[in-house]
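# Chains, contacts and geometry: an overview
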Amino acid sequence: MSYDFTEEQIMLKDTIARLAKEQIAPGAAARDEKGEFSWDSAEILRENGLFGADFPEKYGGSEMGLLSLCLIIEEIAKVCASTSVILLVHELGSIPIFLAGNDDQKEKYLPKLATGENLVAFGLTESNAGSDVSGVKTKAVREDDNYVLNGTKTFISHADVADVICIAAKTDTSVPGHKGISMFIVEKGSPGLSIGKHENKLGIRGSSTVEIILEDVRIPATNILGHEGMGFSIIMKTLDLTRIPVAAQALGIAQGALDYAISYTKERTQFGKPLFSFQGLQWMMADMTTQIEAARQLTYKAASLFENVPKNLDRLSNELIRYSAMAKLAAADTAMKVTTDAVQLLGGYGFVKEYPVERMMRDAKITQIYEGTSQIQKVVISSTL
Ligand code: COS
């Protein structure tokens, strides 16, 4: 399987790199400081038609594919991880509709998501469900032509700004674990839907992470995705797909930190020489660049393997599931290691907010946690061996 870039992908990468440098990088520190969802970033993504990068043309997207989406996310994450989260969450929230939505649902929701006019969130995690998808306790009870949802979701990215939320809930509590979970489309403003706690986070502070409270939220029965009991399959395939762009985000954060550390060590002198001339530091940077490139090849390979995966609920092959988890594991752990080393290379300057690497180190941490922790990726990888 080859993953050489096409002419379009090379141009895309250059264009996004320029956009990131000129329009996204200048506000990155302020977004981090403010600690709120960044509407200015959302607007830049909207103006540049990036929300629909991986959406089908039929629904207003540009259908560039997963590898192109990864290139976009990587370039943006080099300068501002929080802005790249907006595209990640958009993909995470939209994929359940791609995979299991019927024509009416796709026609109703996808065109406005493709342009970014509407935002979307993915409501899975609860106090006792996250790594353990089967632990979902939120309930959806069928009453005539409606479902009535009750429960609380935690750590949901962008639910406070989303127009549409895909929510996992149990429709059958008589069957064990994963079998009774279903997915629903819940619209903003539904009576009984409210936003609870806003998390004050270590990193990706330009994105919002909130609690969703569902109290007798009555939605039309037609808002179920697929059929009752399909939720686990939708969630698993969604995560298999979206772990690859998360890996791309991690790569971007790592590369951004390394690039900064290289130019810094070439400028700053100690003992009468630029820091870059000391072999101990050269070896650190040699390791950093090697680790990033290894994770990058795994990520691009995973993205290219997924390029033609049909958007339906057919189970993925073990090879694909493994590649997605390996890419995320390698890239996230690399991002954490590389950004920590970048802080070290800047010394005292690395530790202060005037320089961007401490933000990158804080931003890197989430890539080892969300959409499956690094430990969960190892569970997934080993389950395919
Ligand atoms: N795709 C489709 N089906 C899958 C699957 C996948 N990737 N992985 C497992 N399954 C199937 C299994 O084959 C099994 O099917 P049967 O019931 O037909 O036998 C079923 O799902 C249950 O599998 P398993 O017993 O392995 O499920 P567990 O409850 O033990 O959970 C893990 C398995 C840990 C892999 C799963 O819960 C997971 O990926 N968790 C991480 C979720 C995550 O990333 N959370 C972060 C939330 S941030 S949005």
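Residues numbered from 1 in each chain as written. Predicted model: local features only at pLDDT ≥ 70, side-chain atom pairs only at ≥ 80, totals over all residues. Heavy atoms only, no water.

## Topic: the pairing of strand E2 (residues 139-143)
- Sheet topology places E2 next to strand E3 (residues 146-157); 5 bridges connect them, and they run antiparallel. Within E3, the residue paired with Val141 across the bridge is Val148.
- The loop that links E2 with its antiparallel partner E3 comprises 2 residues; one of these, Asp144, has a positive phi angle of about 50°. (Pairing = 2+ DSSP bridges. Helix = DSSP H or I, 4+ residues; strand = E, 2+ residues; numbered from the N terminus.)

## Focus on the packing of aromatic side chains
- Under the definition given, this model contains 9 aromatic pairs.
- Their ring planes at 50° and their centres at 6.2 Å tell us that Tyr264 and Tyr349 sit as a pair that is tilted. With Tyr264 in helix H7 (residues 231-267) and Tyr349 in the loop between helix H9 (318-346) and helix H10 (357-367), this pair connects stretches of sequence that are 85 residues apart.
- By relative accessible area, which is 10% here, Tyr264 ends up buried.
- Between Phe271 and Phe278, the ring centres sit 6.1 Å apart and the planes meet at 75°, which makes this aromatic pair edge-to-face.
- Phe271 sits in the exposed class, given a relative accessible area of 76%.
- Classification of Phe278 as partly exposed rests on a relative accessible area of 24%.
- Connected via pairs of aromatic rings, a cluster forms that spans Tyr260, Tyr264, Tyr349 and Tyr355.
- Seen from the ring of Tyr147, Arg142 lies directly overhead, with NZ or CZ sitting 5.5 Å from the centre. (Phe/Tyr/Trp six-rings, centres within 6.5 Å; stacked < 30°, edge-to-face > 60°. Buried < 20%, exposed > 50% of the residue type's maximum accessible area, 1.4 Å probe, protein only. Lys NZ or Arg CZ within 6 Å of the ring centre and 35° of its normal.)

## Let's talk about the layout of surface pockets
- Each pocket or cavity is described by its volume, and for the largest pocket that value is around 890 Å³.
- Elements with a contribution of two residues or more to the lining of the largest pocket: helix H5 (81-100), E3, H7, H10 and helix H11 (374-383).
- Here the residues of the lining of the largest pocket sort into 20 nonpolar, 10 polar and 8 charged. (1 Å grid on protein atoms, 1.4 Å probe; cavity = no way out; pocket = protein on both sides within 12 Å on 5 of 7 lines; lining within 4 Å. Points joined across faces, edges and corners; volume = space filled by probe spheres on them. Nonpolar A, V, L, I, M, F, W, Y, C, P; charged D, E, K, R; others polar.)

## Some thoughts on the packing of H9 against H11
- Where H9 meets H11, the axes come as close as 9 Å, and the angle between the chain directions of the two elements is 150°. Considering their axes alone, H9 and H11 lie roughly antiparallel with respect to each other. Where H9 crosses over H11, the handedness of that crossing is left-handed. On H11, the residues that touch Ile321, Arg322, Ala325, Met326, Lys328, Leu329, Ala332 and Asp333 of H9 are Ser374, Gln377, Lys378, Val380 and Ile381.
- Partitioning the contact of H9 with H11 into residue classes produces 7 nonpolar, 2 polar and 4 charged. (Axes fitted to C-alpha atoms, helices over the stretch in contact; angles between N-to-C directions. Parallel < 35°, antiparallel > 145°, perpendicular 65-115°, else oblique. Left-handed = near helix turned anticlockwise from the far one by under 90°. Contact = heavy atoms within 4.5 Å.)

## So, the site of the ligand
- Near the ligand, the surroundings consist of 20 residues, among which Gly130, Ser131, His178, Arg243 and Arg315 are the closest.
- Within the contact set of the ligand, a nitrogen atom lies 2.9 Å away from a backbone nitrogen or oxygen of Gly130.
- Between the ligand and Asp240 there is a distance of 2.9 Å, counted from a nitrogen atom to a side-chain nitrogen or oxygen.
- Taking 1000 Å² as the accessible area of the ligand by itself, protein coverage stands at 66%.
- Of all the elements in the fold, those that place two or more residues in the shell around the ligand are H7 and H11.
- Broken down by element, the residue count for the shell around the ligand peaks at 5 residues, all from H7.
- Taken together, the residues of the shell around the ligand sort by class into 9 nonpolar, 6 polar and 5 charged. (Near = heavy atom within 4 Å. Polar contact = N/O pair within 3.5 Å; in protein donor to acceptor, adjacent residues only side chain to side chain. Areas by Shrake-Rupley, 256 points an atom, 1.4 Å probe, with all protein chains shown as cover.)

## Let's talk about the domain arrangement of the protein
- Taken domain by domain, the protein comprises domain 1 (7-115), domain 2 (120-225) and domain 3 (231-383).
- Just the C-alpha atoms count here: the centres of domain 1 and domain 3 sit 19 Å apart.
- Each partner contributes to the interface: domain 1 provides 29 residues, whereas domain 3 provides 31 residues.
- A buried area of about 2500 Å², summed over both sides, lies between domain 1 and domain 3, and 68% of it is on carbon and sulfur atoms.
- Looking at the side of domain 1 facing domain 3, the largest losses of area belong to Leu66, Glu74 and Leu99, adding up to 25% of the total buried there.
- Counting across the domain 1 and domain 3 interface gives 2 salt bridges.
- The residue Asp32 makes a salt bridge to Arg362 at a minimum N-O spacing of 2.8 Å.
- Run the count over domain 1 and domain 3 and you get 8 residue pairs in polar contact (both at pLDDT 80 or more).
- At the level of elements, helix H2 (28-34), helix H4 (66-79) and H5 are the ones that each hand at least two residues to the side of domain 1 that touches domain 3.
- Here the side of domain 1 that touches domain 3 is composed, by residue class, of 20 nonpolar, 2 polar and 7 charged. (Domains from an automatic or database assignment. Buried area = accessible area lost by both parts, 1.4 Å probe. Salt bridge = Lys/Arg side-chain N within 4 Å of Asp/Glu carboxyl O.)

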